[in-house]
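Single-letter residue listing:
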Amino acid sequence: MTARTPLDDAVGRSRTRRTDRREIVLRTASEVFGVRGYAGTRLTDIASEVGISTPALYRHFSTKYELFAAAVDRQSTDVDSAISAVPRHDEPRHELAAVLAAFTDTVMEHRRGGNLYRWERRVLDDADRTRTREVRIRLHRRLRMLIETARPTLDRPTADLLAVAALSIAASPATHRIAMGRRAATELVSTAAVALIGVELPDPAPVFAHPPGLTPIGRRESILAASVALFARQGFHEVTVEDIGAAVGLPASGVYRHFESKAAILAAACWRTADRTTDAVAVALSQAQTPRDALVELTSRYSALCVDDPDIMAVYLSGAGALDDNDLRALRRQQRTTVDEWATWVVRARPELTSAAARYLVHASLNLASDLVTGRPGVDAPTVAAVSAAVLLGESGAGAAG
């Protein structure tokens with residue numbers, strides 16, 4: 001008989017959980033909040049998805065906030081239960097693989113609602129945020145400890161960074177909808193996350209104190225720059241046109257002379273980022289001679305974009321759901337084109353991979369770059385590029401060249 005693996009145990013545990021009406025409401029709420037964000041979701045939307053009336057929904061949750069907090073807590077509880085069930089092991093790499101497989105499988109179970117974490121810090125009050133933060137810290141510390149045990153020469157900041165990177169890869173299936181069987185996806189993603197512990201990072205780039213740069217003089221550009229900063233810090237729905245006007249010394253009517261709505265400002269920011277990403281692909285490929293070179297150059301260019309302007313990247317990744325349907329569909333078409341281009345070079349560099357597997361890894365690499373930049377202030381572009389390239393190439397030290 002074949003021995004059971006950590007992946008077998010992770011999948012088996014989550015598939016035996018029972019659901020009742022409250023659980024169905026919670027799961028549906030996670031999915032709707034995950035797609036539309038907190039401010040963009042109404043209780044009537046959730047009730048309609050569940051197939052019950054809004055008054056029936058109120059029998060389970062009295063407010064939207066209560067439902068959101070419960071949905072986040074349910075995900076945190078499931079993650080905590082899955083990770084706590086992974087036994088300790090004398091071999092740190094074995095335990096690390098088991099922990100990441102359990103976490104990835106839980107992400108797959110909650111896949112459609114996995115983006116809740118992008119809003120929870122802005123929405124949850126201190127008391128409700130404490131539990132999710134404790135679960136996250138506990139998981140991070142366990143991974144960091146295992147990484148340090150497996151690679152005792154690493155310093156603490158590097159071990160911390162690799163732990164963040166591994167979790168970002170494991171969480172990446174929640175950022176896309178590429179079809180793949182749950183077991184195969186869990187194995188692919190968790191294996192890529194485990195492989196990061198062998199990555200050799202470049203020496204940190206020297207840190208120079210640069211004076212603040214100049215701000216745009218043109219009104220439209222000033223409005224766009226101020227809006228991106230506000231959206232990244234507070235969230236799209238929480239920012240008003242009056243807030244934007246105040247940031248550039250204009251009344252709301254002055255903002256409307258340049259943009260017809262707040263959504264139009266968001267669309268302009270998202271399209272600018274999409275265009276920059278597309279341009280970076282062309283430049284990267286022009287510098288490459290082989291498929292491996294292409295992936296190193298692509299991750300290098302994208303990492304530089306993220307590091308140079310983390311605010312606009314954060315808005316692009318977390319705010320697009322607030323666009324109108326036409327803009328959102330068009331933006332997603334362009335995103336798919338970019339992902340497909342990257343995935344083509346992944347398959348050429350690694351012919352053993354299917355197109356779906358390559359696209360999974362591309363999303364993992366892109367998610368990793370944005371998470372490192374937004375979650376690790378001061379991280380440099382070569383470091384981000386090294387771990388991002390390693391995900392695509394399945395090599396330690398993949399970003400060293402180029």
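Residues numbered from 1 in each chain as written. Predicted model: local features only at pLDDT ≥ 70, side-chain atom pairs only at ≥ 80, totals over all residues. Heavy atoms only, no water.

**Looking at the overall build of the protein**
Piece 1. Of regular secondary structure, the protein possesses 19 helices and 0 strands.
Piece 2. Here the protein holds 402 residues, and the buried ones make up 51% of them.
Piece 3. Taking all contacts inside the protein whose residues are at least 6 apart in sequence as the whole, residues at least 24 apart take part in 74%.
Piece 4. Summing over all exposed atoms, the protein offers an accessible surface of approximately 19100 Å²; the carbon and sulfur share of this is 52%. (Helix = DSSP H or I, 4+ residues; strand = E, 2+ residues; numbered from the N terminus. Buried < 20%, exposed > 50% of the residue type's maximum accessible area, 1.4 Å probe, protein only. Contact = heavy atoms within 4.5 Å. Areas by Shrake-Rupley, 256 points an atom, 1.4 Å probe, with all protein chains shown as cover.)

**Remarks on the packing of aromatic side chains**
Between two aromatic rings, the relevant description is the distance of the centres plus the angle of the planes.
Piece 1. Applying the stated rule across the entire model yields 5 aromatic pairs.
Piece 2. When the ring of Phe33 is compared with that of Tyr38, the centres are 5.9 Å apart and the planes differ by 20 degrees; the resulting orientation is stacked. For the pair formed by Phe33 and Tyr38, the shared burial category is buried.
Piece 3. Judged by centre distance (5.0 Å) and plane angle (85 degrees), the rings of Phe33 and Phe68 are edge-to-face. Note that Phe33 is positioned in helix H2 (residues 21–36) and Phe68 in helix H5 (residues 64–84), a separation of 35 residues in sequence. (Phe/Tyr/Trp six-rings, centres within 6.5 Å; stacked < 30°, edge-to-face > 60°.)

**Focus: the packing of helix H14 (residues 262–286) against helix H15 (residues 291–308)**
Piece 1. Direction vectors running N to C along H14 and H15 enclose 145 degrees, while the axes themselves pass 9 Å from each other. By crossing handedness, the relation of H14 to H15 is classed as right-handed. The segment H14 lies against H15, with Arg276, Thr277, Ala280, Val281, Val283, Ala284 and Leu285 engaging Ala294, Glu297, Leu298, Arg301, Tyr302 and Leu305.
Piece 2. A class-by-class count of the residues in the contact of H14 with H15 yields 9 nonpolar, 1 polar and 3 charged. (Axes fitted to C-alpha atoms, helices over the stretch in contact; angles between N-to-C directions. Left-handed = near helix turned anticlockwise from the far one by under 90°. Nonpolar A, V, L, I, M, F, W, Y, C, P; charged D, E, K, R; others polar.)

**Details of the environment of Val50**
Piece 1. Here Val50 lies in helix H3 (residues 43–50).
Piece 2. Among the residues examined, Val50 registers a relative accessible area of 18% and is labelled buried.
Piece 3. For Val50, the residues in contact, after removing those within four places along its chain, are Ile24, Val25 and Thr28.

**Considerations on helix H9 (residues 156–171)**
Piece 1. In a regular helix each residue adds 1.5 Å, so 16 residues correspond to 22 Å; H9 covers 23 Å between its end C-alpha atoms and thus fits that length.
Piece 2. Burial analysis of H9 places 13 of its 16 residues in the buried class, which makes it a mostly covered element. (Expected span 1.5 Å × (residues − 1).)

**A few points about the pattern of salt bridges**
Piece 1. Counted under the stated rule, the structure contains 19 salt bridges.
Piece 2. The residue Arg42 makes a salt bridge to Asp45 at a minimum N-O spacing of 2.9 Å.
Piece 3. The exposed category is assigned to Arg42, whose relative accessible area is 54%.
Piece 4. Since its relative accessible area comes to 12%, Asp45 is described here as buried. (Salt bridge = Lys/Arg side-chain N within 4 Å of Asp/Glu carboxyl O.)

**Focus on the nonpolar core**
Piece 1. Membership of the largest hydrophobic core comes to 104 residues, with the highest contact counts inside it found for Phe103 and Ile169.
Piece 2. For this core, the element with the most residues is helix H18 (residues 355–375), which contributes 11 residues.
Piece 3. Core analysis: the next-biggest nonpolar cluster, separate from the first, contains 23 residues, Leu43, Ala47, Ala56 and Ala70 among them. (Core = buried A, V, L, I, M, F, W, Y, C linked by side-chain atoms within 4.5 Å.)

**A closer look at the environment of Arg220**
Piece 1. On the secondary structure map, Arg220 appears in helix H11 (residues 219–234).
Piece 2. What makes Arg220 partly exposed here is its relative accessible area of 38%.
Piece 3. In this structure the C-alpha to C-alpha distance between Arg220 and Phe259, which are 39 residues apart in sequence, comes to 8.0 Å.
Piece 4. Sequence-distant contacts of Arg220, that is, excluding residues within four places in its chain, are made with His258, Phe259 and Ala268.

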